[in-house]
Amino acid sequence: MKNKGIMLVCKGVYNTYSLYRKVIILMLFSSFFMLSGNAQETNKRDTTVEMKEVMVTARSEIRKLKESAMPISVIGQRQLQGTATNINDVLARTVGVTVRNTGGLGSASRISLRGLEGKRMGMYVDEIPMSQLSNFVALNDIPTNMIERIEVYKGIVPYKFGGSALGGAVNVVTKEYPPVYFDFSYELGSFNTHQVSTVFKRTNHKTGLQFGIGGAFSFSKNNYKMTLANLDNRIVERDHDKFSKVMAGMSVKATKWWFDEVKWELIFLKTRQEIQGIDLDVREAYNHSVSGLTTLALKRKNFFLDGLDFDFDIGYFIGKYGLNDKASNRYDWDGNKLPAVSPYGGEQNNFPSDGRNRSNELTSKLNLGYTIDKHHGINLNVYFDRNSLHPNDSLMDKALGFQSNFPSKMKTLTTGLSYDLTLFDGRFQNAFTLKNFIFSSHSRSIDVYSVRSPEPVKVFKSYFGFSDAFRYKFTDDLMLKGSFNSEVRIPTSEELIGNGYSILASPALKPERTSGVNLGMLYRHLKQDGGLVEIELNGFYNQLKDMIRFTPDMIPTMARYRNFGSVRTRGVELDVKGDVCPVLYLYANGTYQDLRDVRKLTPGTTVENPTYMKRIPNVPYLLANFGAEFHKENLFGGKEQNTRFLFDASYVHTYFYDFEVSRYQDKKIPSALTMDAAIEHSFKNDQWVLTFKVKNLTNRRVVSEFNRPLPGRYIGVKVRYLLK
C-alpha cells in the first residue's frame, strides 16, 4: 500500500506538470545558431582588452571542468579548427569516443562513449537536451566557428543537464559574443561539397537588448567512388546521395530587465537527403523534413534569496518529415530494369512510401542551485518532456492492405536532487545526485496474429537512480578522480511507442539500467612559458542491464525494440597532450574497451547461451589517435599574422560484425589508419583566416559499418571573415 501511495503521488505530480502544454508555445532547446551571448558594456577602444579577458575566462573554465569530480574530456577552440570539418571529426579524436558514420556529409552517424552508443548518449547544447529535435538536426550540423568548447562526460551526466542517459553526454557550449560581432565562413571541398555559415550580433548599450541573426547551408553530392563488396568488389560512383540542409534563426536577448537574462529564439530547418543504394541502384527514393522551434530562457542569480540561482527554459518544436519512395521500377548495377517492391511502386523495403508525418514536442527545464556556504551546496533539477507523433502514409497502408499508422504520445518527468561537498580548502570535492524517472505513453500495438486489430496500450512507470563523483588534489597538479553510478535510461518515444508505421510499439519494454565505476589520475601542469602538459589515465567498469536492441518482427516489413539482456564493459584509456615548446603541440591517446555478453541462458529458455562471454559485435574495442601542431606568428614576415601546420592520425583495430564464433569468419570491419593534414594562415589578428585541408591523405578505403564505405581523400579550402 505504501508503494501504491507513492506511485499515486508521483502520478498526480506528473499529471499536474502536464499543464505545461497549455503554456505559450516556446522551446527549451538552446539555439543551435548560438544566437546568444552576454552584452558587454564596452566602447570601441576597450574591445581588444575585453576579448583578451574572454579568452582568459574560456581557458579558466576549461581548467575548472577538467579538475571537477566528473570524468570529462574538454575540447577547446584549438581543436575545433584546423583539419576538422565538423563536430564528428573532433569527437572521433577524443579518448574513449567512437564515431560511426555510414557515408559522406549528412549521412547517419552514431557517437559512442566507452562502447555505449546511440540513444544511450545524452546530446546537449548549452546544457539543454536535444531530445526529439535530434531526429531533425544532429550535433554534427553545428558549425565549429560558433562553438566555444565541447564537453564530453563519461559514465555520469551532470545533474543540472536534466533528462536520462547512460553512456555519458556530449554538451556543445556556444560562444559568448561581444557587442558587435560578424562571422562568415565558406568551405569548398571534394565531392561537390559546400558549407556556409554566418552569425551577426548587435547590442544596444542603452537598453541592453541584443539582436542576432544567423544561419548555415550545407550541400554535397557525396559522389565518391565506392567498392561493392557484395558484387565482386565492383567499383562504382555513388550517384544518388545528394544532401542539402538549410538552417536559419534569429534571437532577442535582454540583460537589463529584472532577470539577468531573458532570451527568445526562433529557428527554421529544412533537409532533403537522397538514399544511396548498395545492393541495388536506387534512383528516386529520398527523405525529407521541415521543422521549426522556438525557445524562451530566463536566468537570475540571487533569485529572491542570496546564493540561489534560477535557470528556466521552456519551448516548443514541430517537425514534418517522411520517406518518399514510390518509383515504378528498380534497377540493378548493370542497368537492368526490375519490378518495384509492390504494385504501388517502391525501390526498397517491402512497401512504397509517401510519408507526411508530424511530430510535436513541448519541453521545459527548471534548475535551482543554492550555495549554502563554501563547503555545501544543493541543486534541484526538473525536466519535463511531452511529445506526440502523428504519422500519415496512405500509400504504405494501401500496399500493406491494413492500417499501419497510429498516433501516439509520450510524457517524461525527470527530477534530480544533488548535494555538493567541498573540504580541505577545495582539495576534496564530492557530488551526489539522486534521480527519479517517471514516464507514460499512449499508443497502439499490432497483435502478431491479427494485424487488423490494433490494441490500445497505456504505460505508466517510475524508477530511481543515483550517482556519486569525487576528486582529491594531492598537489595543484596531481589529482585522483572517481565515480560510481546506478542510472536509468528511459526508452525514447521511437523505442516505446514506435514511429507509427515500420516500427511497432513495445509497451513491455523495460528501461535500460547501468551500474558503473570509474577511477582515474590526472596530472595537469601549467609551464612558466604558458604551455600546458596534461596526462590522464582512467579505468572503468560497467554493467548494463535490459539492453535495448532493434530487431525484426514476426509481421513482415515490421520491426520493434526489445530488451536484449546484460552486457559487461571494462576498459582503460590513456590521454597525453602538451606543449613541447612554444611552437609545437603534441597529443596522443588510446582506448581499450571490452564489451561482453553475460547472459548465461538464452532469454526465455533454459538453454545455455552460445554467445555467453563473447565480445559484443559491431563495436570497436581498440582505438588510438595522434596529432601534432606547429604554430608561429609572422612566420612568412609581415605583422598580425599567424600560421598553423596540423597533422592528425586515427587508428581503429579490426572488429567483427557478428558475434565472434571463429577468428576466420568473413563478416568483419577491417582495421583503419587514417591521416589528415591542414595549413591555416590568419591575417589582421584573425580577421581573415584561410585554411587548406586534406582528409584521408592516403585515400585509404574505410568502412565503419558492414558494406558501407566512407569517402576517400577529401580536399577542402575554407575562408573565414571575422569582425568583432
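Look up: the structure comes first, before these words.
Every value quoted in this text rests on a predicted model; they were computed, and no experiment measured them. (Residues numbered from 1 in each chain as written. Predicted model: local features only at pLDDT ≥ 70, side-chain atom pairs only at ≥ 80, totals over all residues. Heavy atoms only, no water.)

Time to look at the overall build of the protein chain. Along the backbone of the protein chain there are six helices and 39 strands. Of all 724 residues assigned to the protein chain, the portion counted as buried reaches 54%. Residue pairs in contact within the protein chain that sit at least 24 positions apart in sequence constitute 67% of those at least 6 positions apart. (Helix = DSSP H or I, 4+ residues; strand = E, 2+ residues; numbered from the N terminus. Buried < 20%, exposed > 50% of the residue type's maximum accessible area, 1.4 Å probe, protein only. Contact = heavy atoms within 4.5 Å.)

Our next topic: the pattern of salt bridges. Under the criterion given, the structure shown has 32 salt bridges. Note that R489 is salt-bridged to E512, the shortest N-O span being 2.8 Å. Of this pair, R489 sits in strand β26 (residues 478-489) while E512 sits in strand β27 (residues 512-526); the two residues are 23 residues apart in sequence, bridging distant segments of the chain. With respect to burial, R489 and E512 carry one shared label: buried. Close ionic contact of E534 with R524 constitutes a salt bridge, the shortest N to O distance being 2.6 Å. Taken as a pair, E534 in strand β28 (residues 532-552) and R524 in strand β27 lie far apart in primary sequence, ten residues in all. With respect to class, E534 is no different from R524; both count as buried. (Salt bridge = Lys/Arg side-chain N within 4 Å of Asp/Glu carboxyl O.)

What follows deals with the nonpolar core. If you look at the biggest cluster of nonpolar residues, it comprises 31 residues, and the most contacted ones within it are I87, L91, L139 and I150. Counting 14 residues, the second largest nonpolar core, distinct from the first, contains I72, V74, Y124 and A169. (Core = buried A, V, L, I, M, F, W, Y, C linked by side-chain atoms within 4.5 Å.)

A few words on the sheet that holds strand β2 (residues 97-101). In any sheet, the strands associate via hydrogen bonds between backbone groups, in a parallel or an antiparallel arrangement. Across the sheet, three strands lie side by side as β2-β3-β4; this open sheet has antiparallel pairing. Both outer strands of the open sheet, β2 and β4 (116-117), are each paired with one neighbouring strand and no more. Bridge count for strand β3 (residues 109-113) against β4 is two bridges, and the pairing is antiparallel. Note that in β4 the partner of S112 across the bridge is E117. (Pairing = 2+ DSSP bridges.)

Taken as a whole and judged by the stated rule, the model has three cavities of 30 Å³ or more. Forming the boundary of the largest cavity are 18 residues, of which R114, G155, F540, Y541 and N542 lie nearest the centre. For the lining of the largest cavity, the elements supplying multiple residues, two or more each, are β26, β27 and β28. Considering every element that reaches the lining of the largest cavity, the biggest residue donor is β27, with four residues. (1 Å grid on protein atoms, 1.4 Å probe; cavity = no way out; pocket = protein on both sides within 12 Å on 5 of 7 lines; lining within 4 Å. Points joined across faces, edges and corners; volume = space filled by probe spheres on them.)

All right, on to the side chain of T227 then. Tracing the chain through its elements places T227 in strand β12 (residues 225-228). Not counting residues up to four positions away in its chain, the partners in contact with T227 are N233, R234, I235, R701 and P709.

Here we have five strands laid out as an open sheet, ordered β1-β7-β8-β5-β6, and mixed in their pairing. Two strands bound the open sheet, and with one partner strand each, they are β1 (72-75) and β6 (128-129).

Time to look at the packing of aromatic side chains. Applying the stated rule across the entire model yields 20 aromatic pairs. Here W258 and F303 contribute two aromatic rings whose centre-to-centre distance is 5.9 Å and whose plane-to-plane angle is 65°, an arrangement assigned as edge-to-face. A residue pair is termed long-range when its members are at least 10 positions apart, and W258 in the loop between β14 (243-254) and β15 (261-274) and F303 in the loop between β16 (286-300) and β17 (308-325) qualify at 45 residues. Look at W258 and F304: their rings are 5.2 Å apart centre to centre, the planes differ by 40°, and that puts the pair in the tilted class. Of the two residues, W258 is situated in the loop between β14 and β15 and F304 in the loop between β16 and β17; the sequence distance between them amounts to 46 residues. On the basis of relative accessibility, which here comes to 41%, the residue W258 falls in the partly exposed class. Accessibility expressed as a relative area gives 68% for F304, which makes it exposed. Clustering of aromatic rings is evident, with ring pairs tying together W258, F259, F303, F304, F310 and F312. A cation over an aromatic ring shows up here: R283 above the ring of Y331, its NZ or CZ 3.8 Å from the ring centre. The ring of Y621 has R615 lying over it, and the distance from NZ or CZ to the ring centre is 4.0 Å. (Phe/Tyr/Trp six-rings, centres within 6.5 Å; stacked < 30°, edge-to-face > 60°. Lys NZ or Arg CZ within 6 Å of the ring centre and 35° of its normal.)

Moving on to unusual backbone geometry. Even without glycine at this site, N302 takes up a positive phi of about 55°. Relative to the helices and strands, N302 resides in the loop between β16 and β17. On the basis of relative accessibility, which here comes to 39%, the residue N302 falls in the partly exposed class. One non-glycine residue, D546, lies in positive phi territory at about 55°.

Let's shift gears to the side chain of S388. On the secondary structure map, S388 appears in strand β22 (residues 376-390). Here H390 takes part through its side chain, which lies 3.3 Å from a polar atom of the side chain of S388. When near neighbours in sequence (up to four residues on either side) are disregarded, S388 contacts R358, S359, N360, S408 and K409. (Polar contact = N/O pair within 3.5 Å; in protein donor to acceptor, adjacent residues only side chain to side chain.)

What follows covers the environment of G212. The topology assignment puts G212 in strand β11 (residues 209-220). Take G212: its relative accessible area is 5%, and that puts it in the buried class. Sequence-wise, G212 and E265 are 53 residues apart; in three dimensions their C-alpha atoms are separated by 9.3 Å.

So, on to a nonpolar patch on the surface. Taken together, the side chains of F630, L635, F636, F645, I679, F683, W688, L690, F692, I715, V717 and V719 present a nonpolar region at the surface, about 990 Å² in accessible area. Listed by contribution, the elements that provide at least two residues to the nonpolar patch are β35 (672-683), β36 (688-695) and β39 (714-723). With respect to the secondary-structure elements, F692 resides in strand β36. (Patch = residues over 30% accessible without salt bridge, like charges linked within 9 Å, V, L, I, M, F, W, Y side chains within 5 Å. Areas by Shrake-Rupley, 256 points an atom, 1.4 Å probe, with all protein chains shown as cover.)

Moving on to the environment of M130. Checked against the element boundaries, M130 lands in the loop between β6 and β7 (147-154). For M130 and G163, which are 33 residues apart along the polypeptide, the C-alpha to C-alpha distance reads 9.7 Å.

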